[in-house]
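Structure assessment
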Amino acid sequence: MEIPYTVEAHPETGLNNGKIGIWLFLTSEVMLFGALFATFIMLRIGAEDWAHLKAEAELNIPLATVNTIVLITSSVTMVMAWASLMRKQVDRYRLFMLATVGFGFVFLVIKYFEYTAKFEHHHYPSTNTFLAIYFTMTGLHALHVIGGMAFNFYYAVPGAKLWRTNPQWLTDRVEHSGLFWHFVDLVWIFLFPVFYLL
Amino acid sequence: MSGSSHPDTHTVDTHSVDIDKHVRTYVMVFVSLMVLTVVTVGVYYIHMAPGLAITVALIIASIKASLVACFFMHLIDEKKLIYWVLALTMIFFFVLLFTGMMTRAADPVLPT
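How each quantity is defined
- Residues numbered from 1 in each chain as written.
- Chains lettered and ligands numbered in written order.
- Predicted model: local features only at pLDDT ≥ 70, side-chain atom pairs only at ≥ 80, totals over all residues.
- Heavy atoms only, no water.
- Helix = DSSP H or I, 4+ residues; strand = E, 2+ residues; numbered from the N terminus.
- Buried < 20%, exposed > 50% of the residue type's maximum accessible area, 1.4 Å probe, protein only.
- Contact = heavy atoms within 4.5 Å.
- Areas by Shrake-Rupley, 256 points an atom, 1.4 Å probe, with all protein chains shown as cover.
- Buried area = accessible area lost by both parts, 1.4 Å probe.
- Salt bridge = Lys/Arg side-chain N within 4 Å of Asp/Glu carboxyl O.
- Polar contact = N/O pair within 3.5 Å; in protein donor to acceptor, adjacent residues only side chain to side chain.
- Phe/Tyr/Trp six-rings, centres within 6.5 Å; stacked < 30°, edge-to-face > 60°.
- pLDDT = per-residue confidence, 0-100.

**Re the overall build of chain B**
Along the backbone of chain B there are 3 helices and 0 strands. Listed by position from the N terminus, the elements making up chain B come as α-α-α. Each of the 112 residues in chain B was classed as buried or not, and the buried ones make up 29%. Of all intrachain contacts in chain B linking residues separated by at least 6 positions in sequence, the fraction that spans at least 24 positions is 46%. Carbon and sulfur atoms make up 74% of the accessible area of chain B, which totals about 7300 Å².

Structure follows, in structure tokens:
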């Protein structure tokens, strides 16, 4: 059975199903992170001495800055992977896609070092409300990075077979996977100043 | 491509030129995002008053987020339906974000 509107636009929406699907999913993600940002605000304005709780957590700003740069760079390689498919350069596509996965991995390794440094100082989610919301939000974000990496790796290697039978479908899928990846970058753009700088 | 007489080749070439323009934009956005990241960290080390620091950091973050959304996520040129869906989401998002704060401000017992 053939799935309809994978490549061609649905007459009702003017979009293919993948595009509308990923955007609807991203709206639910906005609400998920939105609830946690709202929680953050309430914890912060309700705290007796937030600055003290934050100082106690001893977050590493240089490492987080490097991670911000890594994630932004991965967004560029992601969009370049899509552009390579639009130019019909499959080898370059695969290279950019694997670079995106690689940058995601670097991000997670840096995050791992940040987390272990916290645990060595006996800083856990239960230590104070700052660390509780810090681990919850950055942890959920890291899970999103892992999810995005899985999809990107799939489209870079086994999923790239689709290029031979339906190149437009692969190009669209990569665009949709990219939308998720850029969203993950976008969340980090807010997490970074909110936790580390303010 | 050398066979420019073929009608299909012509469309591919026009397409490539279009993508080249996109790629130039992506590079410019990348540079802007890097500069803004350096600025936001730089501002932190200046040690401004808390209220001002929050405002500046959130403005910079919003500009960065807009650049990602408009260019990397192609929202600058998207179908109407997506705009409507996102507009609705943003309304709910801001209601979610500010309701708690507003009820807190309305409570005379709690410090604001």
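We are not done yet, so read on.
**Here we look at the interface of chain B and chain A**
Facing the 43 residues of chain B at the interface are 49 residues of chain A. Buried area between chain B and chain A, both sides added, is near 4100 Å², and the carbon and sulfur share of it is 84%. Three residues, Tyr 44, Phe 72 and Met 73 of chain B, lead the burial of chain B against chain A; their summed loss comes to 14% of the area buried on that side. For the interface between chain B and chain A, the tally reads 2 salt bridges. Taking the shortest distance from any N to any O, the salt bridge between Lys 19 of chain A and Glu 78 of chain B comes out at 2.9 Å. Between chain B and chain A we count 3 residue pairs in polar contact (both at pLDDT 80 or more) in total. Only α1 (7–46), α2 (50–72) and α3 (80–106) of chain B provide two or more residues apiece to the side of chain B that touches chain A. Per-element tally for the side of chain B that touches chain A: the top contributor is α1 of chain B, with 14 residues.

**Description of the environment of Val 95 of chain B**
Checked against the element boundaries, Val 95 of chain B lands in helix α3. Sequence separation between Val 95 of chain B and Ile 59 of chain B is 36 residues; the distance between their C-alpha atoms is 19 Å.

**Section: the packing of aromatic side chains**
Here a ring pair, both rings aromatic, is described through the centre-centre distance and the interplanar angle of the planes. Residues and elements named next belong to chain A. Tallied over the full model, the rule gives 25 aromatic pairs over all chains. Aromatic pair Trp 50 and Phe 130: ring centres 5.3 Å apart, planes at 65°, arrangement edge-to-face. Residue Trp 50 is found in helix α2 (residues 50–57), and its partner Phe 130 is found in helix α5 (residues 129–156); the two are separated by 80 residues along the sequence. Residues Trp 50 and Phe 130 agree in their burial class; the two are buried. Where Phe 192 meets Tyr 196, the ring centres are 5.8 Å apart and the plane angle is 40°; that geometry is what we call tilted. Here Phe 192 pairs with Tyr 196, and both are found in helix α7 (residues 167–197), just 4 residues apart, close to one helical turn.

**Notes on the confidence of the model for chain B**
Residues and elements named next belong to chain B. Chain-level statistics for chain B give a pLDDT mean of 85 and a share of 79% at 70 or above. Considering each helix and strand of chain B separately, the mean pLDDT is smallest for α1, with a value of 83, and largest for α2, with 95. Contacts for the low-pLDDT stretch residues 1–12, under 50 throughout, to residues beyond four places or in other chains number 5 contacts. As a predicted assembly, this complex carries a pTM of 0.92 together with an ipTM value of 0.94.

**Regarding the pattern of salt bridges**
Counted by the stated rule, this structure contains 4 salt bridges over all chains. Residue Arg 87 of chain A is joined to Asp 20 of chain B by a salt bridge in which the shortest nitrogen-to-oxygen separation is 2.3 Å. One end of the pair, Arg 87 of chain A, is in the loop between α3 (61–86) and α4 (90–120); the other, Asp 20 of chain B, is in helix α1, on a second chain. On the basis of relative accessibility, which here comes to 24%, the residue Arg 87 of chain A falls in the partly exposed class. A single salt-bridge network, built from bridges that share partners, covers Lys 19 and Glu 175 of chain A together with Glu 78 of chain B.

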